[in-house]
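# An overview of the molecular structure
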Protein chains: 6
Amino acid sequence: MSKQNNLALLPEYEVRQSVSNALGEDLGMVGDITSQLTIPADMEASVVINSRENGVLAGMQYARAAFDVIDSSLEFEQLKQDGDALGAGDIIARVSGNARNLLTAERVALNFLGHMSGIASKTALFVKAVAGTRAKIADTRKTTPGLRMAEKFAVKAGGGVNHRFGLGDAVLVKDNHIAIAGGIDAALKTVVANAGHMRKIEVEVDTLEQLEQVLAYGIDTVLLDNMPPEILKKAVAMIDGRVLAEASGGVNLGSVAAIAATGVDLISVGALTHSSATLDIGLDFHRG
Amino acid sequence: MSKQNNLALLPEYEVRQSVSNALGEDLGMVGDITSQLTIPADMEASVVINSRENGVLAGMQYARAAFDVIDSSLEFEQLKQDGDALGAGDIIARVSGNARNLLTAERVALNFLGHMSGIASKTALFVKAVAGTRAKIADTRKTTPGLRMAEKFAVKAGGGVNHRFGLGDAVLVKDNHIAIAGGIDAALKTVVANAGHMRKIEVEVDTLEQLEQVLAYGIDTVLLDNMPPEILKKAVAMIDGRVLAEASGGVNLGSVAAIAATGVDLISVGALTHSSATLDIGLDFHRG
Amino acid sequence: MSKQNNLALLPEYEVRQSVSNALGEDLGMVGDITSQLTIPADMEASVVINSRENGVLAGMQYARAAFDVIDSSLEFEQLKQDGDALGAGDIIARVSGNARNLLTAERVALNFLGHMSGIASKTALFVKAVAGTRAKIADTRKTTPGLRMAEKFAVKAGGGVNHRFGLGDAVLVKDNHIAIAGGIDAALKTVVANAGHMRKIEVEVDTLEQLEQVLAYGIDTVLLDNMPPEILKKAVAMIDGRVLAEASGGVNLGSVAAIAATGVDLISVGALTHSSATLDIGLDFHRG
Amino acid sequence: MSKQNNLALLPEYEVRQSVSNALGEDLGMVGDITSQLTIPADMEASVVINSRENGVLAGMQYARAAFDVIDSSLEFEQLKQDGDALGAGDIIARVSGNARNLLTAERVALNFLGHMSGIASKTALFVKAVAGTRAKIADTRKTTPGLRMAEKFAVKAGGGVNHRFGLGDAVLVKDNHIAIAGGIDAALKTVVANAGHMRKIEVEVDTLEQLEQVLAYGIDTVLLDNMPPEILKKAVAMIDGRVLAEASGGVNLGSVAAIAATGVDLISVGALTHSSATLDIGLDFHRG
Amino acid sequence: MSKQNNLALLPEYEVRQSVSNALGEDLGMVGDITSQLTIPADMEASVVINSRENGVLAGMQYARAAFDVIDSSLEFEQLKQDGDALGAGDIIARVSGNARNLLTAERVALNFLGHMSGIASKTALFVKAVAGTRAKIADTRKTTPGLRMAEKFAVKAGGGVNHRFGLGDAVLVKDNHIAIAGGIDAALKTVVANAGHMRKIEVEVDTLEQLEQVLAYGIDTVLLDNMPPEILKKAVAMIDGRVLAEASGGVNLGSVAAIAATGVDLISVGALTHSSATLDIGLDFHRG
Amino acid sequence: MSKQNNLALLPEYEVRQSVSNALGEDLGMVGDITSQLTIPADMEASVVINSRENGVLAGMQYARAAFDVIDSSLEFEQLKQDGDALGAGDIIARVSGNARNLLTAERVALNFLGHMSGIASKTALFVKAVAGTRAKIADTRKTTPGLRMAEKFAVKAGGGVNHRFGLGDAVLVKDNHIAIAGGIDAALKTVVANAGHMRKIEVEVDTLEQLEQVLAYGIDTVLLDNMPPEILKKAVAMIDGRVLAEASGGVNLGSVAAIAATGVDLISVGALTHSSATLDIGLDFHRG
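Just so we're clear, the structure is a prediction, and the values are computed from it rather than from any experiment.

Our focus in this paragraph is the sheet that holds strand β9 (residues 221-225) of chain E. All names here are of chain E. Taken together, the six strands give an open sheet; going across it, the order is β6-β11-β10-β9-β8-β7, and neighbouring strands pair in parallel fashion. If you trace the sheet from one side to the other, it starts and ends with β6 (136-138) and β7 (171-173), each paired once. Strand-to-strand, the axes of this sheet are offset by a mean angle of 25 degrees, without reference to chain direction. Pairing between strand β10 (residues 244-248) and strand β11 (residues 266-268): three bridges, direction parallel. What sits directly across from E246, in β11, is L266. Running at roughly 165 degrees to β9, helix α10 (residues 229-239) makes contact with β9 and β10 of the sheet.

Here it is as structure tokens:
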């Protein structure tokens, strides 16, 4: 069943801007010389976009925009929604119209779909691995430059939740802030008073001693960095529901279930966005 | 030893544009609220950027630009060059100056370095796997939207070669062109005459029958798609040096040596750019 | 005494972009034809920027950028800092160099300074009016299109605090959301669970009945809209410190002290940004 | 009665660019999280935009564009035109369609309408105050950075006339030009010959002596700066219709009638654009 | 007869961007003040775009876009296609709709049409002059800044072929490369191995001695620079079909036939793009 | 002798934007592959930019920017100024530094110099042809799209004067306005009252009857379109100095002296910008 209702559309003008930039990379000033040379200018065709492996779909708004920016007369029939599970061979969309233009838009459409679906699919694996626990799978700011909006959307399509979109959304005091400021108290002394009433505060700790120290401040979330499950369990007990507990560091599909079993509220995984493989999605022509 | 001399710098104004876009994603209108709240405005610091795993470095021009765009008074001392092999713990650069600004630029600098070094590192593994054969490892147009220039640079840093940068660089007649045009002859009939005297021509074939057919045309390269090594070997024999032979499809680190052993000239690998994991590169503050 | 240390600089590349747009409006393709016709090309001059009325300064980063974009050889000596109180006649900066270029940059520099200082000055009046209470003066999203970053900075320069920078920073459920959703419960039923762990939640209420209803949800702040002081006082009592209390609606310099006296934590004032008069700041040439 | 016929539409692509920038400020990468969390994705609604105080309308092209850029399927029914007088409670437009999208566009649409209508309304008050005289009310280059086109349009909507749009439109020799050049003769000696045959020339004077001096040059307009009405009357007499007489400096609603009564042709008022309060325009949902 | 089928449309979003920039130059913030002052806002008109001299048409996509960007309700009836021969008086298009908007778009539409048709027309003269030989007429990178895509399209519309679009398309080793590198062997030693398998290689030579030297390398084309026909003939004989022969330098309508008669494959002519006169195309209103 | 003092510099940030766009066309994502392949990365060189024919120089600010944007460490020694007369062989500038970067910037620098100097040179020929008359040579809005600022600067460098920069600068009522409005009186009836006090008014006439009619309005200039010299002489007599007389239409180097001899004040020549040939300017390497 589709999760589409939970996924709000992204601002269309930003999606089109991002798609136009990608088309600009691919077409330059010359355009699709191969299609011009091999296919008659007025030939029509119909193609299908399909999945060649199992996964979760994300990026349909971008794919649709790629065809539409190239030729607004192309017809794009959407058969799957962002968030849908895909099996190998599933048809995601049919696109028909001018044959040259279909092929001109193909690569950019597939590059977005493959990249975003790859992220959604990896996220879904993590989400499945922690099913039955209270833990949510969250992304990080370790995103591919220029694609943060698209990648964070893909995490949601895969069932994850979004952490900060940028440095201004919320306060997250990390190890380097603490080290440079000269310790937790030096770093936190004015944070709570000045963070702003609409901005949450999270602090990273590496040890239970640090945890005890930060719990004295009126913060919202503690980032428990690189702690093994047994220490995480103690941390969760110390926290005792007063703030949210987020685990991070060294999280992979092999370790995430044990981390989730410690009772943490969130597990953030940089690999969702910085190390997902593409989902293999292709475009095929089937003579009608 | 550094490969720097073989890697021309990218156009600096494009690098800065790309870096500024990424900074814009991260800073928004608010900027780095955490550093503002935790670190005195006039504190100075010195940090190191170091590798936490083995790999090949790429992206230093972007990393340097990230710090420079945020604060042109930061000093960036570059200790490794793009193309250098990295071991875990190797220091890549030292950056010093205003402490807030160092941390503000950190994530964007690391996102570029990790992404590009991940591609360079994966490329280097493929290059190493085919050492001793004539095969070169090439990228594809399956790049992350908006990052084609950076990713193709990273492939070169890893020892690979670049395929087309965009649709206009060269002619590459693929399966869908042939299918829509109605066969190889229909597709190729005017290509050689009209491709332009400064543009090379490559044609994709799936079978040896198709190969025979395309060799009748004055093309430059044949793309042998998804052929097992024994068929590739026959194809190379049929081609007999008249055109370049490029293998693609289903190429991974397990299969690439066998493919290279067939005598093909090029092996193109979409996974270099669409599925590389980040290289783990971090930024640390060391007091004193 | 200067408040400069509390005001982090804005991202310089965004400031320059904003200044360049404004210079583009003013110079077009022709440039400053009057200075070209009246002043020799190589004449040097020195000018002062000064205040012609009392107020609070904001916008020096923009003013400096205006001169620098026009002619990077102009010398800009900054005598006052953002957040400084200004008296009529106070000299804010001296700028010297090519006389034509000084005059070419003048209007854009003054337009930023006057607009931003006007906001800072009005904010400071509100802040002063609530001195001695717990209330902070906050801005809103009722900003001048295109200038949100600059205007929110000016509010901080005047001693105020910033509310949301945009729709994505935090959740703020307003009357129209409640009306369209079909009531408070319909609107809030999934908000707390899905807002995201790094995003605060505020809800607007018009009556004490609504207030009671929303206090049942785990939100962070209540926006008490258009309530007279006596009702606000009751609301503050009902809230009893469980969430923050923000008053808004009908706030002006005549009413704000009474509102602050009710014990609310925040008072948001749209007029700071949508209705501030410019602060009269000029540029004078003094021979010799 | 509507003045719409006298107000040419602004270039639509520039209006949309300006609106998109403002939407970008407000939506960022996250979009309208509150509407997404509180309102079902497929809910439809109808809202009205109405005035909460008396004034003159300006900015409908921007408001319409804000809704259209967010969702081109929203229906925007325009009931009032730019230049129309508004009473408190007047309905300006009805907008209907997807409920989330209506609310997402609301703030940007209202920020343009309020800002531009505020300028139009203040302009109309000045125009009314000089009714029956020959004086026209003109704007200046003291506009809000980035909004000059919109603000000068609003001045026309309020019945005023536009002064220069930028430094290249016409020559306006001001006090600083004269001071730096070394006097009126030094400043003006080559202006008339070189200004260009399609460019008018205006010169600012502070005294009747200066006025006499500049009348010897073939200029078009004299800017009489900061002169009290009795001096202005003498200046008008001296000018005797040979050039246009423009008064400026210290003009407010209390002084403008007396200034107009002196017989000047134009009165320029910086406050129209640099110090207008917003006009209170809101958006309401009415069920049913 | 139309050559339209051989001319692929340019990417529409790039055409519109280019047209919008040109409209921005012409309209600024004020727009078409003359049409606003002389023509009623609701007047409709119909105009024709016609040629006032013989030539070849190019630029219709730009002309259509100019009217469409200004007012998408204007009807544009295209009577001639890019590549069509034009006689004096031929009607190229009829445009009808709002009269003000027709005139507002006129100049930008005509500037593109005149410039591009001028190039197409000059190209066609060169193409005609070499008819019956094997020589094709090619453009160069000596294009008007910002208009390379449009100008190279116009060359094709005139029957010419395109040389490199940019520095990255192909390798072209010119005299300065050879001089700086220290001779042909120094310059070429690594070119063939490293140019990339999808990139052709051309080398410029000034003498038959140099020609002999470069023929030893596996290059694709030789650029025979500034050689008189008798030398060109010897060069063609020496080349003997092994590589393509391109002549350049001092080519004009008087000399081109003799150059073509030498048997060269290509003749490149910088003047096509850097020195074509506009084709005189106008817009007329015919009542009724 | 240099005319540099009369030529104000163009806004540098706009020049760099224009140059960056042109570099983007030429370099794409690949950059200057030929220089990378033929010239060692660290080789230094010194080149001269010189003229190969007689003419007038324009565009040095663009040329300098092209080298500076590519590599800010290149040294650019300027030996000639915009407006200087050039003889064949004259050295305009010396540039030295990294050899690859010198060649990478070459084409864009020369394209600007050749185009702008071509316009300046043609303008200078017209100016010389009318020497001794009162006529000035003016440009038109028939400029190359995207280059209006540069081209109008070049006209000034050649000794000409600028007509309108855009549609908003001044009113110019042309034949189509008159035809569509329904005659001169219909077109002009509200123009003088509403043009704005800082905007001049010009009207085009084709006959002496029309001239008589327009002289009844308080306009500034009459555009005498396509009139032979004997009619122009009568027109000048009729005008008798009351307004400026501008001749246009069918102006070329053969006819311009006779036109100027009629006593008109201005002669506008579209061909200055729409049909100038490039001035042949090149870049040479001379081994030191």
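Here the focus is the relation of the copies chain B and chain E. The two copies are related by a screw motion: chain B maps onto chain E through a turn of 180 degrees and a shift of 0.0 Å along the axis, at an RMSD of 0.0 Å. Taken together, the turn and the small shift mark the pair as related by a two-fold rotation axis. By C-alpha distance to the rotation axis, the residue of chain B lying nearest is D169(B), at 2.8 Å. Here 100% of the contact residues of chain B are again contact residues in chain E; the copies associate through an equivalent surface.

Attention now moves to the pairing of strand β1 (residues 44-51) of chain A. Residue and element names in this part refer to chain A. With respect to burial, β1 is a largely interior element, six of its eight residues being buried. Pairing of β1 with strand β5 (residues 91-98), which is carried by seven bridges, proceeds in the antiparallel orientation. Note that in β5 the partner of E44 across the bridge is N98. Summarising the sheet, β1 and strand β12 (residues 281-285) pair through five bridges and their orientation is antiparallel. In the sheet register, S51 faces β12, and the bridge partner there is I281.

Contacts between chain B and chain E engage 19 residues on the former and 19 residues on the latter. Roughly 1500 Å² is buried in total at the junction of chain B and chain E, and carbon and sulfur atoms are behind 59% of that figure. When the buried area of chain B at its contact with chain E is split by residue, H197(B), M198(B) and K200(B) rank highest and sum to 54% of it. The interface formed by chain B and chain E holds zero salt bridges in total. In terms of residue class, the side of chain B that touches chain E is made up of seven nonpolar, four polar and eight charged.

Take the interface of chain A and chain B next. Residue-level contacts link 62 residues of chain A with 62 residues of chain B. When chain A packs against chain B, the two sides together hide about 5000 Å² of surface, and 59% of this comes from carbon and sulfur. Among the salt bridges present, the one from D26(B) reaches R148(A), with a minimum N-O distance of 2.5 Å. In this structure, the connection of chain A to chain B is made through 32 residue pairs in polar contact (both at pLDDT 80 or more). Those elements giving two or more residues to the side of chain A that touches chain B turn out to be α1 (12-27), α2 (33-38), α4 (99-129), β7 (171-173), α6 (175-181), α7 (184-188), α8 (191-194) and β12 of chain A. Looking at the side of chain A that touches chain B residue by residue, the classes come out as 29 nonpolar, 21 polar and twelve charged.

This next bit is on the sheet that holds strand β12 (residues 281-285) of chain D. The pairing of strands in a sheet comes from backbone hydrogen bonds and takes either a parallel or an antiparallel form. All names here are of chain D. Strand order in the open sheet formed by four strands is β3-β5-β1-β12, and the pairing between neighbours is antiparallel. The open sheet has two free edges, formed respectively by β3 (75-78) and β12, since each of these has just one partner strand. The sheet shows a mean angle of 20 degrees between the axes of neighbouring strands, taken without regard to direction. As judged from the four bridges shared by β3 and strand β5 (residues 91-98), these two strands associate in the antiparallel manner. Paired with E75 across the two strands is S96, which belongs to β5. Helix-sheet contacts for helix α3 (residues 60-70) involve β1 (44-51), β3, β5 and β12, and the interaxial angle to β3 is about 165 degrees.

Moving on, we get to the domain arrangement of chain A. Residue and element names in this part refer to chain A. The assigned domain composition of chain A is domain 1 (4-121 + 277-287) and domain 2 (128-274). For domain 1 and domain 2, the distance between their C-alpha centres works out to 35 Å. Counting the surface lost from both domain 1 and domain 2, the interface buries some 1200 Å², and carbon and sulfur atoms represent 76% of this. Taken together, domain 1 and domain 2 are joined by zero salt bridges. Inspection of the region where domain 1 meets domain 2 yields one residue pair in polar contact (both at pLDDT 80 or more). Per element, the largest residue contribution to the side of domain 1 that touches domain 2 is five residues, and it comes from α4.

Here we take up the pattern of salt bridges. Opposite charge on two side chains makes pairing possible when the charged atoms of those side chains draw close. Residues and elements named next belong to chain A. As enumerated under the stated definition, the model contains 54 salt bridges over all chains in all. Here E12 and R16 are joined by a salt bridge, their closest N and O atoms 3.6 Å apart. In this pair, E12 and R16 both sit in helix α1, four residues apart, roughly one turn of the helix. Its relative accessible area of 29% is what places E12 among the partly exposed residues. Sharing partners across several salt bridges, the network here consists of E12, R16 and D68.

This brings us to the packing of aromatic side chains. In this structure the tally under the stated criterion is twelve aromatic pairs over all chains. Look at Y62(B) and F112(B): their rings are 4.8 Å apart centre to centre, the planes differ by 20 degrees, and that puts the pair in the stacked class. Taken together, the positions of Y62(B) in helix α3 (residues 60-70) and F112(B) in helix α4 (residues 99-129) put the pair 50 residues apart, joining distant regions of the chain. Grouping residues by exposure puts Y62(B) and F112(B) together as buried. If you follow K152(F) out to its NZ or CZ, it ends over the ring of F165(F), 5.2 Å from the centre.

Residues and elements named next belong to chain B. Of all ten residues that make up helix α5 (residues 148-157), nine are buried, and the element is covered over most of its length. Considered for burial, the residues of α5 that qualify are R148, M149, A150, E151, K152, F153, A154, V155 and A157. Among the residues trailing α5, G159 stands out with phi positive, at a value near 100 degrees.

Residue and element names in this part refer to chain A. Not every positive phi belongs to a glycine, and D240 is a case in point at roughly 50 degrees. Looking at the secondary structure, you find D240 in the loop between α10 (229-239) and β10 (244-248). Using a relative accessible area of 62% as the deciding quantity, one classes D240 as exposed.

Conventions used here
- Residues numbered from 1 in each chain as written.
- Chains lettered and ligands numbered in written order.
- Predicted model: local features only at pLDDT ≥ 70, side-chain atom pairs only at ≥ 80, totals over all residues.
- Heavy atoms only, no water.
- Pairing = 2+ DSSP bridges.
- Helix = DSSP H or I, 4+ residues; strand = E, 2+ residues; numbered from the N terminus.
- Axes fitted to C-alpha atoms, helices over the stretch in contact; angles between N-to-C directions.
- Contact = heavy atoms within 4.5 Å.
- Least-squares fit on C-alpha atoms with pLDDT ≥ 70 in both.
- Buried < 20%, exposed > 50% of the residue type's maximum accessible area, 1.4 Å probe, protein only.
- Buried area = accessible area lost by both parts, 1.4 Å probe.
- Salt bridge = Lys/Arg side-chain N within 4 Å of Asp/Glu carboxyl O.
- Nonpolar A, V, L, I, M, F, W, Y, C, P; charged D, E, K, R; others polar.
- Polar contact = N/O pair within 3.5 Å; in protein donor to acceptor, adjacent residues only side chain to side chain.
- Domains from an automatic or database assignment.
- Phe/Tyr/Trp six-rings, centres within 6.5 Å; stacked < 30°, edge-to-face > 60°.
- Lys NZ or Arg CZ within 6 Å of the ring centre and 35° of its normal.

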